[in-house]
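# Reading the structure
What follows is each chain in one-letter form.
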Amino acid sequence: MEIINVALGGRSYNVHIENGALGNIAALLAPYTAQKRLLFITDENVHRLYWKNIADKFLSAGVRVEAYILPAGESSKNWQKLEGICDWLLQHGAERTDHIVALGGGVVGDIAGFASAIVKRGCNFVQIPTSLLAQVDSSVGGKTAINSRSGKNLIGVFHQPAFVLIDPDMLDSLPPRELRAGYAEVVKYGLIDSAEFFDWCESDGAALLSGDSDARIKAISHSISAKAQIVSDDERELNGRRALLNLGHTFGHALEAETGFGDTLLHGEAVAAGMVLAARYSAYRGHFPAQEVGRIVNHLETTGLPARVSAIDMQTTGKALAEHMQHDKKAAQGNVPFLLMNAIGDTFLASDVDLDDVAAFLDSELAQ
Ligand code: GLY
């Protein structure tokens, strides 16, 4: 068992990581059930797999539980579903002192966190992430959002959870494609500032993906410790530290937008292809060694992640992709900052990138 603290003064919280923690969920959430009832937001897949077990545990502990069930998938992160969740929470008498539980992957965490932040001007919430992507990244740090016509995650607020409960055993039920997609975010923690952790990914990543529980715990605790430190240093992404966590995301979001935020390209797959583009664009600009690009491509391809844009099923142009980037949340005075790399483990925020140059680079990538 590992407990990692996210140090944010009065809004600090613990991330509890333990194989089999779900078996003890009623006791672990006891500090948040003073009202003897809990309101969960989840999705249809997670509900089918885990709800009966969870409800029985709380029933035995004398706590009433109710669940709002979203359709699975990124397309649920919209205004209409947000309204549905908020109405449901109000109809069920949610109060600010309640702890609303987000039980699911990144989509559930993002929309349930956002609903918690705005209902009655802000209720407490707890994250129980069930996907690798959510267990290593999105459940921690307080980013909440929905997508809009203009792009991904453009409507949202920072709202920190009060507690994050991670049971890596829940990954056993994750489809292999989802597991691989989440693994891209694990690799990200090596690429941004730890060459040593990237070495570990190369040596032990395959074990993680085949269900090795030590490898899972190592990857989750490394990722969450790294993220907790970054979030403590730069909670609202103001000083450049937290922006590092967006490596691959500017390119990746454009790929997701072009493929319709759906099944063609999952978020983690887009991040994988986006990280390769960030490395290749850094090499194109002359500050990243070409053989290191090869290492990243090889590792991601070995795990089955898309590492080349030309392999993604889409008809697009560099200009169309670059246009999606204009809505980037990091943009300031119309300038889109990019996460670029000097080496594996040395990512930096570049503010001098010209989108026309990015478009030309992407045209050459698409042609390969
Ligand atoms: N997933 C990026 C962040 O939380 O900042």
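Scope of this entry: the structure provided in the associated data block. (Residues numbered from 1 in each chain as written. Predicted model: local features only at pLDDT ≥ 70, side-chain atom pairs only at ≥ 80, totals over all residues. Heavy atoms only, no water.)

## A short note on unusual backbone geometry
Of note, Lys 36 is a non-glycine position whose phi angle comes to about 60°, a positive value. Note that Lys 36 resides in the loop between helix H1 (25-28) and strand E3 (37-43). Judged by relative accessible area, Lys 36 falls into the partly exposed class, the value being 46%. One non-glycine residue with positive phi stands out, namely Lys 120, at about 55°. Considering the arrangement of structural elements, one finds Lys 120 in the loop between helix H4 (106-118) and strand E6 (124-129). (Helix = DSSP H or I, 4+ residues; strand = E, 2+ residues; numbered from the N terminus. Buried < 20%, exposed > 50% of the residue type's maximum accessible area, 1.4 Å probe, protein only.)

## Details of the packing of aromatic side chains
In the structure shown here, the tally under the stated rule is 11 aromatic pairs. Ring geometry for Tyr 281 and Phe 361: centres 5.0 Å apart, planes at 50°, overall tilted. Of this pair, Tyr 281 sits in helix H10 (residues 267-284) while Phe 361 sits in helix H13 (residues 355-366), placing them 80 residues apart in sequence. A single burial state applies to Tyr 281 and to Phe 361, both of which are buried. Three or more aromatic residues joined by ring pairs make a cluster, and in this case those are Phe 251, Tyr 281, Tyr 284, Phe 338 and Phe 361. Seen from the ring of Tyr 189, Lys 188 lies directly overhead, with NZ or CZ sitting 5.2 Å from the centre. (Phe/Tyr/Trp six-rings, centres within 6.5 Å; stacked < 30°, edge-to-face > 60°. Lys NZ or Arg CZ within 6 Å of the ring centre and 35° of its normal.)

## Notes on the site of the ligand
Close to the ligand lie Asp 137, Lys 143, Lys 227, Arg 242, Leu 245 and Asn 246, which account for all nearby residues. Here an oxygen atom of the ligand and a side-chain polar atom of Lys 227 are 2.5 Å apart. Between an oxygen atom of the ligand and a side-chain N or O atom of Arg 242, the distance comes to 2.7 Å. Against a free-state accessible area of 190 Å², the protein chains account for coverage of 90% of the ligand. (Near = heavy atom within 4 Å. Polar contact = N/O pair within 3.5 Å; in protein donor to acceptor, adjacent residues only side chain to side chain. Areas by Shrake-Rupley, 256 points an atom, 1.4 Å probe, with all protein chains shown as cover.)

## Description of the sheet that holds strand E5 (residues 99-104)
Spatial strand order, E1-E2-E9-E6-E5-E3-E4: seven strands in an open sheet with mixed pairing. Both outer strands of the open sheet, strand E1 (2-6) and strand E4 (64-70), are each paired with one neighbouring strand and no more. On average, each strand axis in the sheet is inclined to that of its neighbour by 20°, with strand direction left out of account. Direction of pairing for E5 relative to E6: parallel, over a ladder of six bridges. Within E6, the position partnered with Val 101 by the bridge is Val 126. Contacts between H4 and the sheet are confined to E3, E4, E5 and E6, with E5 contributing the most and set at about 165° to the helix. Sheet strands touched by helix H8 (residues 213-233): E1, strand E2 (13-17) and strand E9 (163-166). Its angle to E1, the strand with the most contacts, is close to 15°. (Pairing = 2+ DSSP bridges. Axes fitted to C-alpha atoms, helices over the stretch in contact; angles between N-to-C directions. Contact = heavy atoms within 4.5 Å.)

## Describing the environment of Arg 11
Residue placement: Arg 11 occurs in the loop between E1 and E2. Overall, Arg 11 belongs to the partly exposed group, its relative accessible area being 45%. Ignoring sequence-local partners within four residues, the contact set of Arg 11 consists of Gln 160 and Glu 235. Side-chain polar atoms of Arg 11 contact the side chain of Glu 235, separated by 2.6 Å.

## Thoughts on the pairing of strand E8 (residues 151-158)
Strand residues, when the strand is regular, have side chains that alternate between the two faces of the sheet. Pairing analysis gives five bridges linking strand E7 (residues 143-148) to E8, with the strands arranged antiparallel. When the bridges of E8 are listed, Ile 146 appears paired with Ile 155. Turn length for the E7-E8 hairpin, with the two strands adjacent in sequence and antiparallel, is two residues.

## Remarks on the packing of helix H9 (residues 249-258) against H10
The geometry of H9 relative to H10 is characterised by a closest axis approach of 7 Å and an angle of 130° between their N-to-C directions. One element, H9, and the other, H10, form an angle in the oblique class. At the point where H9 passes H10, the crossing takes the right-handed sense. On the side of H9, the interface is formed by His 249, Phe 251, Gly 252, His 253, Leu 255 and Glu 256, while H10 contributes His 267, Ala 270, Val 271, Ala 273, Gly 274, Leu 277, Ala 278 and Tyr 281. (Parallel < 35°, antiparallel > 145°, perpendicular 65-115°, else oblique. Left-handed = near helix turned anticlockwise from the far one by under 90°.)

## Quick notes on the nonpolar core
The biggest cluster of nonpolar side chains holds 76 residues, and the ones touching the most others in it are Val 15, Leu 132, Leu 191, Phe 251, Leu 255, Ile 296 and Phe 338. The greatest single-element share of this core, amounting to 10 residues, is contributed by H10. Setting aside its immediate chain neighbours within four residues, Ile 296 contacts Leu 191, Phe 198, Val 276, Ala 279, Phe 288, Met 341 and Ile 344. In this structure, Ala 26, Tyr 50, Ile 128 and Met 170 belong to the second largest nonpolar core, which totals 24 residues. (Core = buried A, V, L, I, M, F, W, Y, C linked by side-chain atoms within 4.5 Å.)

## Points about the pairing of E6
Among the six residues that make up E6, five are buried, leaving the element largely enclosed by the rest of the structure. As defined by bridge partners, E6 adjoins E9 across two bridges and the pair is classed as parallel. Its bridge partner being in E9, Val 126 is matched across the sheet by Phe 163.

## With respect to the pattern of salt bridges
Where charged atoms from two side chains of opposite charge approach closely, those side chains can pair. Here the structure, examined in full by the defined rule, presents 23 salt bridges. For Glu 74, the salt bridge identified is with Lys 77, shortest N-O distance 3.5 Å. Looking at Glu 74, the relative accessible area reads 17%, which means it is buried. Here Arg 295 makes a salt bridge to Glu 202, at a shortest N to O gap of 2.7 Å. Here the residue Arg 295 occupies a position in helix H11 (residues 290-303), and Glu 202 occupies one in helix H7 (residues 195-209), the gap between them amounting to 93 residues. Shared partners join several salt bridges into a network, and the residues in it are Glu 74, Lys 77, Asp 110, Lys 152 and Glu 256. (Salt bridge = Lys/Arg side-chain N within 4 Å of Asp/Glu carboxyl O.)

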